Amino acid sequence: NVALNRGTFQISTAVNAGSPTVNATSGGTGTVVMNGLNSVLQFISGGSATFGNSIMIEAGNPIAILNNNNQNNTTTGSLTFGGAPGDQGQTLNVQGGGNTIQISGATNLGPAGNAIILANSTTNINLAGVVSGSATLVKEGGQTLALLGTSAVQAGGTQVVPTASNTYSGGTFLLGGTLQANIA
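What you are looking at is a predicted structure, and each value in this text was computed from that prediction instead of being measured.

Caption draft 1: Molecular detail of the overall build of the protein. Helices and strands together make up the secondary structure of the protein, namely 0 helices and 22 strands. In the protein, buried positions account for 44% of the 184 residues. Pairs at least 24 residues apart make up 65% of the contacts formed inside the protein by residues separated by at least 6 positions. Accessible surface, the protein: about 7800 Å² in total, of which carbon and sulfur atoms supply 50%.

What follows is the structure in structure tokens.
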């Protein structure tokens, strides 16, 4: 596990100079706890890759940045918004260029408040696990947020079929871009 209090932390399939880096091919699967305002977690790969890391946006951190480097990357870990009841909310600003990042594990929007996902630039985000929690899901930015739920590929590999429904209870606001929701 890593606590990111400020700056940029890179998780990479190759060693990169300039920022603290973990080589994903070494089997790292810990949680990156994003404590600091505007702290950046960056997935770096030479091609599409799968990472095993979970992401926790700690209570008291209003804005965290997830940067994906021009590739379609997946993390099999979870995403947790750790806000406290009464917080104004937390924002995950998803950045990158012309790609999609997928979080395959569960997403917990946290307690009452707003969990804001800002899909910026040309980066789309897929939440492929069950989305739970009491917070309101707010989608901003011009790109696509896909709530895939737990899903399986239909025989023949032509269609993703949801196998479980999302359970979050705070409602949904779409303030820009596209929200795609699969229903089991």
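More follows now that the structure is in view.
Caption draft 2: View of the sheet that holds strand β6 (residues 50-51). Spatial strand order, β6-β9-β12-β15-β18-β22: 6 strands in an open sheet with parallel pairing. Each having just a single partner strand, β6 and β22 (178-181) make up the two edges of the open sheet.

Caption draft 3: Expanded view of the side chain of Asn67. By the secondary structure assignment, Asn67 is in strand β8 (residues 63-68). Note on Asn67: relative accessible area 17%, which makes it buried. Once residues lying within four places of it in the same chain are set aside, the contact partners of Asn67 are Val40, Leu41, Gln42, Phe43, Gln95 and Gly96.

Caption draft 4: Highlighting unusual backbone geometry. Even without being a glycine, Asn38 presents a positive backbone phi close to 60°. Relative to the elements of secondary structure, Asn38 occurs in the loop between β4 (31-34) and β5 (39-44). Asn38 sits in the partly exposed class, given a relative accessible area of 39%.

What counts as what
- For every chain, the first residue of the written sequence is number 1, and numbering continues from 1 onward in sequence order.
- Per-residue local features of the predicted model are confined to residues with pLDDT of at least 70, and side-chain atom pairs are confined, for both listing and counting, to 80 or more; whole-chain, interface and lining totals are unaffected and use all residues.
- Heavy atoms from the whole structure form the basis of all side-chain values; hydrogens and water molecules are not counted.
- A run of H or I in DSSP becomes a helix once it reaches four residues, and a run of E becomes a strand once it reaches two; helices and strands are each numbered from the N terminus.
- Residue burial is assigned from relative accessible area. The probe radius is 1.4 Å, only protein chains are included, and a residue is buried under 20% of its type maximum, exposed over 50%, and partly exposed in between.
- By definition, residues are in contact when any of their heavy atoms lie within 4.5 Å.
- The Shrake-Rupley method, run with a 1.4 Å probe sphere, supplies the accessible areas, and residue values consider only the shown protein chains as cover.
- Following DSSP output, two strands are said to pair if at least two bridges run between them.

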